[in-house]
Amino acid sequence: MAAGEPVGVAVVGCGTISSAYLRNMTSFPDLKVLFCADLDAERAEAQAARYGVAAAGSTAQALEHPGVELVVNLTVPAAHAETAAAAIAAGKSVWIEKPLALDTESGRRLLTAADDAGVRIGCAPDTVLGAGLQTVRRVIGADAIGVPQTALALMQNPGPERWHPDPEFLFQRGGGPLFDVGPYYLTALAMLFGPATAVAAVGRRSRDRRVIGSGPRAGTEFDVDVPTHVAALVGYAGGQAASLVLSFDSPLRRHGFVEITGTEATLALPDPNNFDGDVRIRATGADDWTAIPAKGTTAGRGIGVLDLARALRCGGPHRASGEIALHVLEIMEAIERSISGGSFEPVRTTFRAPDALEADWDPYARTMMA
């Protein structure tokens, strides 16, 4: 594809999350969404029609469609690795909805295959590129809290089956609060603290079956296969430590609670599952918090795809990389092992922290000029 043309995109997986991606990606001038694919052909056609995408059909058709350079893989977690491997084999770069894969070895094979094929892998969450968390990076980089020491992160709710019309996959392998919500928190901490080295955790499951609470299948029971409450300790190579609670078992809702404590001040972060939100800082001895307005893009899901696409054209690195996603995946798998074995577990993968986004980075700018 010519250097001045938008990057051609195919979306594979047209479930609930695809609407957020398609709404945004079809508004970014540097992307051209060419194809929607899904196992359910009618669902793919409906999403294509809704967002003005010219073609729809199967995954195989998406990979053969002229002009597609980048596949946005929004399938269920159990299909992430297989779908990504097929795209890589077809010579396409891939953006993968979190998690990267169900296990570290599968994720490592994907990165090796992409490197061998000369294509790229990016992975959600791209919330870390939003105004809120990018502002946090700048505040910490300016030594406003001194040396970062610890983090406390909490996410608690009664469970997504209350609102999601098809929640079963969220309670199967690759789901639960750890794999579904954990990547937001663990990726944010990785961006701020760097690579982790060890974890310890406990987990529990409050009940073995749950009931869909909304939509056409309301009242349907389904099995729960994973822990629905996870508490973890994470140690980092830089000496920092984090305490993390992720729960689908709590009547009390706590979303987006993350505090970073430094030697001089404490920082209250915006919700890692969002792209916006002001940052608050409280210095040692201060009576109250001071708000720091967030600066950056709040465009939403798909900005990581766009950053990857621009990197494909300019040759520079992309920020929400497969290496970071692999590291977060290994942390989550180590947490699972710790829950099962009652021991501290090592984390051996690493990554290089990407450069921060400029505060004026504009997803709606056309940067690919012929």
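See above for the structure.
Once a new chain begins, its residue numbering starts again from 1 and follows that chain's sequence as written. The predicted origin of the model limits local features to residues at a pLDDT of at least 70 and limits the giving and counting of side-chain atom pairs to 80 or more, whereas totals for whole chains, interfaces and linings rest on all residues. Computation of side-chain values: all heavy atoms of the structure, hydrogens and water removed.

Asks: Can you help me understand the environment of aspartate 116 in this one?
Replies: Put simply, DSSP marks the helices as runs of H or I at least four residues long and the strands as runs of E at least two long, and each gets a number from the N terminus on. Mapped onto the elements of the fold, aspartate 116 is located in helix 5 (residues 104-117). Distance from aspartate 116 to alanine 89, taken between C-alpha atoms, is 10.0 Å for residues 27 residues apart in sequence.

Asks: Sorry if this is basic, but what is going on with unusual backbone geometry here?
Replies: If a residue is not glycine, its phi is most likely negative; likewise, a peptide bond is most likely trans. Along the chain, lysine 98 connects to proline 99 via a cis peptide bond; the corresponding omega equals -5°. With respect to the secondary-structure elements, proline 99 resides in the loop between strand 5 (93-96) and helix 5. Even without being a glycine, aspartate 143 presents a positive backbone phi close to 65°. Its place among the elements puts aspartate 143 in the loop between helix 6 (131-141) and strand 7 (148-156). Among the residues examined, aspartate 143 registers a relative accessible area of 57% and is labelled exposed. Each residue gets one of three labels from its accessible area relative to the maximum for its type: buried under 20%, exposed over 50%, partly exposed in between, using a 1.4 Å probe on protein chains only.

Asks: How should I be thinking about the sheet that holds strand 3 (residues 55-57) in this particular structure?
Replies: Picture the strands of a sheet paired through backbone hydrogen bonds; they go either parallel or antiparallel. At least two bridges found by DSSP between two strands are what make those strands a pair. On the basis of which strands lie adjacent, the open sheet formed by six strands has the order 3-2-1-4-5-6 and parallel pairing. Looking at which strands have only one partner, the edges of the open sheet turn out to be strand 3 and strand 6 (121-123). Averaged over all adjacent pairs, the angle separating strand axes in this sheet is 25°, with direction ignored. Summarising the sheet, strand 1 (residues 7-12) and strand 4 (residues 70-73) pair through four bridges and their orientation is parallel. Bridge pairing in strand 4 places valine 11 opposite valine 72. Every angle, taken between N-to-C directions, lies between 0 and 180 degrees, and every axis is a line fitted to C-alpha atoms, over only the stretch in contact when it is a helix.

Asks: Honestly, the side chain of serine 106 in this entry has me stumped. Any pointers?
Replies: Looking at where serine 106 falls in the secondary structure, it is placed in helix 5. According to the relative accessible area criterion, serine 106 is buried, its value standing at 14%. Nitrogen and oxygen atoms within 3.5 Å of one another constitute a polar contact, given that in protein one can donate a hydrogen and the other can accept it, and given that sequence-neighbouring residues count only through two side-chain atoms. In terms of polar contacts, serine 106 uses its side chain to reach the side chain of arginine 109, at 3.3 Å.

Asks: Just checking my understanding: could you explain a negative patch on the surface for this structure?
Replies: Like-charged residues within 9 Å of one another, or nonpolar side chains (Val, Leu, Ile, Met, Phe, Trp, Tyr) within 5 Å, are grouped into patches, provided each residue has over 30% relative accessible area and no salt bridge. In short, Shrake-Rupley with a 1.4 Å probe defines the accessible areas, and a residue's cover is counted only from the protein chains shown. We define a salt bridge as a contact between a side-chain nitrogen of Lys or Arg and a carboxyl oxygen of Asp or Glu at a distance within 4 Å. For the charge count, each Lys or Arg is scored as positive and each Asp or Glu as negative, with His and the chain ends excluded. Where a charge sits is defined by one atom per residue type, namely NZ (Lys), CZ (Arg), CG (Asp) or CD (Glu). On the surface, Asp355, Glu358, Asp360 and Asp362 cluster together into a patch of negative charge. Looking at where glutamate 358 falls in the secondary structure, it is placed in the segment after strand 17 (345-346). Given the relative accessible area of 46%, glutamate 358 is considered partly exposed.

Asks: What's the story with the pairing of strand 15 (residues 279-283) in this structure? I'm lost.
Replies: Consecutive side chains along a regular strand alternate between the two faces of the sheet. Pairing of strand 14 (residues 265-268) with strand 15, which is carried by four bridges, proceeds in the antiparallel orientation. Among the inter-strand pairings, leucine 267 is bridged to a residue of strand 15, identified as isoleucine 281. With three bridges connecting them, strand 15 and strand 16 (residues 290-292) associate as antiparallel partners. Within the sheet, the bridge partner assigned to arginine 280 lies in strand 16 and is alanine 291. Hairpin geometry of strand 15 and strand 16 is characterised by an intervening segment of six residues between the two adjacent antiparallel strands and by a positive phi of about 85° at glycine 285.

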